[in-house]
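Here's the letter readout for the chains.
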Amino acid sequence: MNKIFVFIFFILTFCSNAQKDDINKKFYFNFGVNMIDNNGDRDPTSILGEFDDVALSNPIIFGINYGVSNDFEIYFNASLNKFKEGQSIDGVQINDDKSYTSFDSGLRFYPYTLEINGIERIDLYTQAGVGSYKISVPQVTANIGFGTLFRVGTKTSIFFNSVAKFSLDNQNFQSNLFQHSLGVRFLLNNSYCSCRL
């Protein structure tokens, strides 16, 4: 648990230093859908063959992001989902519906932007952070992932995100999982911005 507090302290210290260098701080709101792969298999591609056990009921994700510099942002996400009766979690078939709720935060790094016709359109990012999710009992997780933003206007982007969540108490219904998300991201500031959307 102390490592989590050290990590959060590092993020806050880094962000306070980054704020001194960048005057283009921006807030973003994102909203979309998510799916949870918690089949107990360590291979993230197993989702392709075992799609019946992926949680896709009430699959909502939303959050706020804060750009602390041109290359870094802090994110805070909340997500909901549900495993249906008869699906498997960690390879064990469940006899009733199991709700999934999670809260995640961390830091994103944007190392690369792709240009199309001389206009920056696609941003690639990696992310790391901490979170908590609940299926049966609350679990603390260490998260790592990647994603991309496709700009579709001056204030709107489409995002795709994949995150591996490593549970600190890896047991049935409390284990590691993958979460994949797709949605829309909006710039909350009123002025035009050439920064990341």
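For every chain, the first residue of the written sequence is number 1, and numbering continues from 1 onward in sequence order. The predicted nature of this model means local features are confined to residues of pLDDT at least 70 and side-chain atom pairs, given and counted, to a pLDDT of 80 or more, with totals for whole chains, interfaces and linings taken over all residues. Derived side-chain values reflect all non-hydrogen atoms in the structure, with water molecules and hydrogen atoms excluded from consideration.

**Q** Could you clarify how one ought to interpret the sheet that holds strand β9 (residues 156–167) in this entry?
**A** Read around the closed barrel, the eight strands follow the order β1-β2-β3-β6-β7-β8-β9-β10; overall the barrel is antiparallel. On average, each strand axis in the sheet is inclined to that of its neighbour by 25°, with strand direction left out of account. Two strands are counted as paired when DSSP detects at least two bridges linking them. Helix numbering and strand numbering both begin at the N terminus, where a helix is a DSSP run of H or I of at least 4 residues and a strand a DSSP run of E of at least 2. Summarising the sheet, strand β7 (residues 119–134) and strand β8 (residues 138–151) pair through 13 bridges and their orientation is antiparallel. In the sheet register, Lys-134 faces β8, and the bridge partner there is Pro-138. Lines fitted to C-alpha atoms define the axes, with helix axes restricted to the stretch in contact, and inter-axis angles between N-to-C directions lie between 0 and 180 degrees.

**Q** Looking at this model, I keep getting lost on the nonpolar core. Mind explaining?
**A** In globular proteins that are soluble, nonpolar side chains generally tend to be buried together. Each nonpolar core is a collection of buried residues, namely Ala, Val, Leu, Ile, Met, Phe, Trp, Tyr and Cys, held together in the definition by side-chain atoms within 4.5 Å. Accessibility here uses a 1.4 Å probe with only protein chains present; expressed as a share of the type maximum, an area under 20% marks a residue as buried, one over 50% as exposed, and anything in between as partly exposed. Core analysis: the biggest nonpolar cluster contains nine residues, these being Ile-36, Ala-55, Phe-83, Ile-89, Ile-94, Tyr-100, Tyr-133, Ile-135 and Leu-177. Any two residues whose heavy atoms approach within 4.5 Å are treated as being in contact. Leu-177 has contacts with Ile-36, Asp-37, Asn-38, Tyr-100, Tyr-133, Val-163, Ala-164 and Lys-165, leaving out every residue within four places of it along the chain.

**Q** Would you mind going over a nonpolar patch on the surface with me for this structure?
**A** Each patch is built from residues that are more than 30% exposed by relative accessible area and take part in no salt bridge. Like charges join if they lie within 9 Å; nonpolar side chains (Val, Leu, Ile, Met, Phe, Trp, Tyr) join within 5 Å. Every accessible area reported is derived by Shrake-Rupley at a probe size of 1.4 Å, with residue values counting cover from the shown protein chains alone. Basic side-chain nitrogens of Lys or Arg form a salt bridge, by our definition, when they fall within 4 Å of a carboxyl oxygen of Asp or Glu. Taken together, the side chains of Val-33, Phe-146, Phe-150, Val-152, Ile-158, Phe-160 and Leu-182 present a nonpolar region at the surface, about 610 Å² in accessible area. Where the nonpolar patch is concerned, the elements lending two or more residues are β8 and β9. The residue Val-152 is located in the loop between β8 and β9 in this model.

**Q** Explain the confidence of the model for the chain here, please?
**A** As a general rule, the predicted coordinates of low-pLDDT regions are not to be interpreted in detail. pLDDT gives the predictor's per-residue confidence on a scale running from 0 to 100. On average, the chain scores 80 in pLDDT, and the residues at 70 or more come to 74%. Within the chain, no element has a lower average pLDDT than helix α1 (residues 2–21), which sits at 47, and none a higher one than strand β2 (residues 60–67), at 95. Low confidence marks residues 11–23, where pLDDT is under 50. Its contacts with residues over four positions away, or in another chain, come to 15 contacts.

**Q** What exactly am I supposed to notice about the pattern of salt bridges here?
**A** If charged atoms from side chains of opposite charge come close, those side chains can pair. Throughout the structure, instances matching the rule amount to five salt bridges. Between Asp-96 and Lys-98 there is a salt bridge, with the nearest N and O atoms lying 3.9 Å from each other. Looking at Lys-98, the relative accessible area reads 18%, which means it is buried. The closest approach of N and O atoms between Lys-165 and Asp-104, which form a salt bridge, is 2.8 Å. Highlighted residues: Lys-165 in strand β9 and Asp-104 in strand β6 (residues 98–116), separated in sequence by 61 residues. One salt-bridge network, in which partners are shared between bridges, spans Glu-73, Arg-108 and Arg-185.

**Q** Looking at this structure, how should I read the side chain of Asn-77?
**A** Here Asn-77 is to be found in strand β3 (residues 72–83). Owing to a relative accessible area of 8%, Asn-77 belongs among the buried residues under this scheme.

**Q** Help me understand the side chain of Asp-104 in this model?
**A** Residue Asp-104 is classed as buried on the basis of its relative accessible area, which comes to 9%. Distance and chemistry together define a polar contact, namely a pair of N or O atoms within 3.5 Å, with one atom able to donate a hydrogen and the other to accept it when in protein, and with adjacent residues in sequence counting only for side-chain atoms on both sides. Within the structure, the side chain of Asp-104 is placed 3.5 Å from the side chain of Ser-102, a separation counted as a polar contact. Looking at Asp-104, its side chain comes within polar contact range of the side chain of Lys-165, at 2.8 Å. The contacts of Asp-104, once residues within four sequence positions are left out, are Tyr-75, Phe-76, Asn-77, Val-130, Gly-131, Ser-132, Thr-141, Asn-143, Lys-165 and Gln-179.

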